[in-house]
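Structure at a glance
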Amino acid sequence: MALQCGIVGLPNVGKSTLFNCLSNAKAQSANFPFCTIEPNVGVITVPDERLNKLVEMCNPRSIVPATVEIVDIAGLVKGASKGEGLGNKFLANIRETDAILHVLRCFDDDNITHVDGSVNPVRDKEIIEYELTLKDLETVDARIAKTLKQAQTGGDKVAKMQYDVLRQIKDALDAGRPARSVHFETPDEQKFARELFLLTSKPVMYVCNVDDASAATGNAYVDAVRASIDDPDAQIFVVSAQTESEIAELDIWEERQEFLNEIGLNESGVSRLIRAAYSLLDLQTYFTAGPDEVRAWTFRRGSKAPKCAGIIHTDFEKGFIRAEVIKYDDYVSLGGEQGVREAGKLSVEGKDYVVQDGDIMHFRFNV
């Protein structure tokens, strides 16, 4: 399931440094704007202690973790919606992603130039949001002009529905609110809104890039960002890209843990951020486990059993009969599948079963 989070922000806020920490890909990082021109893509393993435990119990020949794709996109500048800087290329790259990690500079460093001359993460956030909003307004206005006549004169119910959706989104954008703040009732309205691929409809996480000393506690810049956000669906994440870069250079696990303990952290920011990005994409994990393979399978929250079976192979979905489900906690506490069966804890589920995060699944099918 190749869903992507795009890392965006103004130039020199630490996007590429953070990307380098997140993946084995080495994005160029330098102290000048537009260093990153083509988006760099990293396929990143999602840390999951449940997978580690299943591996310990099953001792499989093969291990396949869940992954998420992170895209490092070139820095945006004021006027991008009108083509300034890398403008349209930047916006097109965002449009292709499924969620946004918006990196904000929340640290002082005279050696790193800020494109606007001073550190102000709230201003930086508003610049990018303004540019994304302008581009969305351009898209919505063009669709309204195309749909209005059909809605008014043609008696076309579909056109009328589309026009109503567009007007609601336009009203929100004109008021400075993102498209994701508008919620639609019917499946047809929701589908049409999704198919507009608006930039401000994507879920967003504000990643506050702080100095080493603030990695565990945050700072006044982070507080200002938090106070400026009125979107209840937006998330804030605090990380020090420089600290994470230093941690990544340590090859020995014990040395990494000692470093983290010294700065007041139990776990690296990178591990927490990867899981947060996975959740931002509305993704969850089910497992298949046995001596041949322990594997984490990624699915969209709320998916039913046949859909999840189809992630393994389309034949599994087409010929779905039932799913045998073991809860992770039961699997661990009862010593594996045999113990679960003996305790009568294995459940047999049909087509309407909504798969839960951490379920251990076995699908029965016939084609």
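Computed from a predicted structure; not experimentally measured. (Residues numbered from 1 in each chain as written. Predicted model: local features only at pLDDT ≥ 70, side-chain atom pairs only at ≥ 80, totals over all residues. Heavy atoms only, no water.)

Some words on the pairing of strand β7 (residues 235–239)
The test is simple: Any two strands with at least two DSSP bridges between them are considered paired. Under the scheme used here, helices are H or I runs from DSSP no shorter than 4 residues and strands are E runs no shorter than 2 residues, and both carry numbers assigned from the N terminus. The handedness rule is simple: strands pointing away from the viewer, and a clockwise path from the first strand over the helix to the second, make the crossover right-handed.
Strand direction decides the pairing type here: strand β6 (residues 204–210) and β7, joined by 5 bridges, are parallel. When the bridges of β7 are listed, Val207 appears paired with Phe237. Crossover connection from β6 via helix α7 (residues 220–228) to parallel β7: handedness right-handed.

As for the state of the cysteines
Just so we agree on the cut-off: Only a pair of cysteine sulfur atoms within 2.5 Å qualifies as a disulfide here. Three exposure classes are used, based on accessible area relative to the maximum for each residue type with a 1.4 Å probe and protein chains only: buried under 20%, partly exposed in between, and exposed over 50%.
Scanning all chains against the criterion turns up 0 disulfides. Distance from the sulfur of Cys106, which forms no disulfide, to the nearest cysteine sulfur (Cys208) is 4.0 Å. Residue class for Cys106 comes out buried when judged on its relative accessible area of 0%.

Brief notes about the pattern of salt bridges
What counts here: Put simply, a salt bridge is a Lys or Arg side-chain nitrogen that is within 4 Å of an Asp or Glu carboxyl oxygen.
On inspection of all chains with the given rule, the structure shows 19 salt bridges. Measuring nitrogen to oxygen at the nearest pair gives 2.9 Å for the salt bridge that ties Lys160 to Asp164. Of the two residues, Lys160 and Asp164 are both situated in helix α5 (residues 157–174); the distance of 4 residues between them amounts to about one turn of the helix. Judged by its relative accessible area of 27%, Asp164 falls in the partly exposed class. The shortest N-O distance in the salt bridge between Glu324 and Arg364 comes to 3.3 Å. Residue Glu324 is found in strand β10 (residues 320–326), and its partner Arg364 is found in strand β12 (residues 360–365); the two are separated by 40 residues along the sequence. Judged by relative accessible area, which is 8%, Glu324 ranks as buried.

With respect to the sheet that holds strand β5 (residues 99–106)
For clarity, the cut-off: Angles run from 0 to 180 degrees between N-to-C directions of axes, and those axes are lines fitted to C-alpha atoms, restricted for helices to the stretch in contact. Between two residues, a contact is recorded if the distance between any of their heavy atoms is within 4.5 Å.
One open sheet holds the 6 strands; their spatial order is β2-β4-β1-β5-β6-β7, and the pairing between them is mixed. The sheet is open, and its two borders are formed by β2 (40–45) and β7, each paired with just one other strand. Going from strand to strand, the sheet's axes swing by 25° on average, the running direction of each strand aside. Direction of pairing for β5 relative to β6: parallel, over a ladder of 7 bridges. Within β6, the residue paired with Leu101 across the bridge is Met205. Contacts from helix α4 (residues 121–153) reach β5 and β6 within the one sheet, and its direction differs from that of β5 by about 150°. Most of the contacts of α7 go to β5, to which it runs at about 135°, and overall it touches β5, β6 and β7.

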